[in-house]
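# Examining the three-dimensional arrangement
Residue strings, one per chain:
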Amino acid sequence: MVNTLSSNKVPSLIAAFLLAILGLLSMYQEQAPSVSGTWSSVEDVTSRLAEREATLNQRIKAEALLLSFTRAQMTRYYWGEFASSLNELGLSAGKLFIAKVERSKNNTMLWLSPEHGVEAYLAIVRRDSNGTRLERLHCRGDVSKLAKPFLGTCPDGWNQF
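Note that the structure is a prediction, hence the values are computed from the model and not measured.

As a further point, take the side chain of Glu 119. Along the chain, the position of Glu 119 falls in strand 3 (residues 119-127). Among the residues examined, Glu 119 registers a relative accessible area of 13% and is labelled buried. Only 2.6 Å separates the side chain of Glu 119 from the side chain of Tyr 121, close enough to count as a polar contact. Beyond its immediate stretch of four places on either side in the chain, Glu 119 contacts Thr 55, Gln 58, Arg 59, Pro 114, Arg 140 and Gly 141.

This is the structure in structure tokens:
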């Protein structure tokens, strides 16, 4: 009976010894492996998060300005014609954006390019194909395509929202 008890303890002692060695080895590793592999340091994570927060803040302000521009231009059109500037509408792009308003008899556009950042914005208010209603279009995309011609929908590579 003593032999069976001691034979059962040997594998348990070996397993405990191996686990203790693995624990000691992991304690003495110089650097723990990175979980994500994409961010190399705390500073990198902090700067990426700050950049995302700035982009989201800029996006919120741009979308609010585009919506105000759209509503104001629709109102102005029903009273006669589109306004030719943000000042005429009582709006301002603030310090975040450089704003450019383009207008014709049938449509108006507000282009917003950021002072800092890579995301630009566009609002279009235009008469529909029948000339009876106004329609709007809001776009967001890469600032590098800001000055390129487009066909009246969002510029290539931009997203409509």
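From this point, things continue past the structure.
Quick look at the packing of aromatic side chains now. In this structure the tally under the stated criterion is four aromatic pairs. A ring pair is formed by Trp 111 and Trp 158, whose centres lie 6.2 Å apart and whose planes are at 75°; its orientation type is edge-to-face. Of this pair, Trp 111 sits in strand 2 (residues 107-114) while Trp 158 sits in the loop between strand 4 (134-142) and strand 5 (159-160); the two residues are 47 residues apart in sequence, bridging distant segments of the chain. A single burial state applies to Trp 111 and to Trp 158, both of which are buried.

For helix 2 (residues 42-78), with 37 residues, the first-to-last C-alpha span of 54 Å sits near the 54 Å given by 1.5 Å per residue. Along helix 2, the positions that sit buried rather than exposed are Gln 58, Ala 62, Leu 65, Leu 66, Phe 69, Thr 70, Ala 72, Gln 73 and Tyr 77. Residues of helix 2 that are buried make contact with helix 3 (86-89), strand 1 (97-103), strand 2, strand 3 and strand 4. With its phi angle positive at about 155°, Gly 80 sits one or two positions after the end of helix 2.

In terms of nonpolar packing, the biggest core is built from 15 residues, with Phe 69, Leu 110 and Leu 112 touching the most fellow members. Sorting elements by how many residues they give to this core places helix 2 first, with five residues. With near-sequence residues (within four places) excluded, Leu 110 lies in contact with Leu 65, Leu 66, Phe 69, Leu 86, Ala 99, Lys 100, Val 101, Tyr 121, Leu 122 and Ala 123. Core analysis: the second largest hydrophobic core is formed by 10 residues, Met 109, Trp 111, Leu 146 and Cys 154 among them.

Our focus in this paragraph is the sheet that holds strand 5. Read from one edge of the open sheet, five strands run 1-2-3-4-5, paired in antiparallel fashion. The open sheet has two edge strands, strand 1 and strand 5, and neither has a second partner. Relative to strand 2, strand 1 runs antiparallel, the two being bridged by seven bridges. Bridge pairing in strand 2 places Phe 97 opposite Pro 114. Against the sheet, helix 2 makes contact with strand 1, strand 2, strand 3 and strand 4, and its axis sits at roughly 15° relative to strand 3, the strand it touches most.

Here we take up the confidence of the model for the protein. Residues of the protein with pLDDT of at least 70 account for 86%, and the chain-wide mean is 85. Per-element averaging of pLDDT across the protein places helix 1 (residues 2-27) at the bottom with 70 and helix 3 at the top with 96.

Calculation criteria
Residues numbered from 1 in each chain as written. Predicted model: local features only at pLDDT ≥ 70, side-chain atom pairs only at ≥ 80, totals over all residues. Heavy atoms only, no water. Helix = DSSP H or I, 4+ residues; strand = E, 2+ residues; numbered from the N terminus. Buried < 20%, exposed > 50% of the residue type's maximum accessible area, 1.4 Å probe, protein only. Polar contact = N/O pair within 3.5 Å; in protein donor to acceptor, adjacent residues only side chain to side chain. Contact = heavy atoms within 4.5 Å. Phe/Tyr/Trp six-rings, centres within 6.5 Å; stacked < 30°, edge-to-face > 60°. Expected span 1.5 Å × (residues − 1). Core = buried A, V, L, I, M, F, W, Y, C linked by side-chain atoms within 4.5 Å. Pairing = 2+ DSSP bridges. Axes fitted to C-alpha atoms, helices over the stretch in contact; angles between N-to-C directions. pLDDT = per-residue confidence, 0-100.

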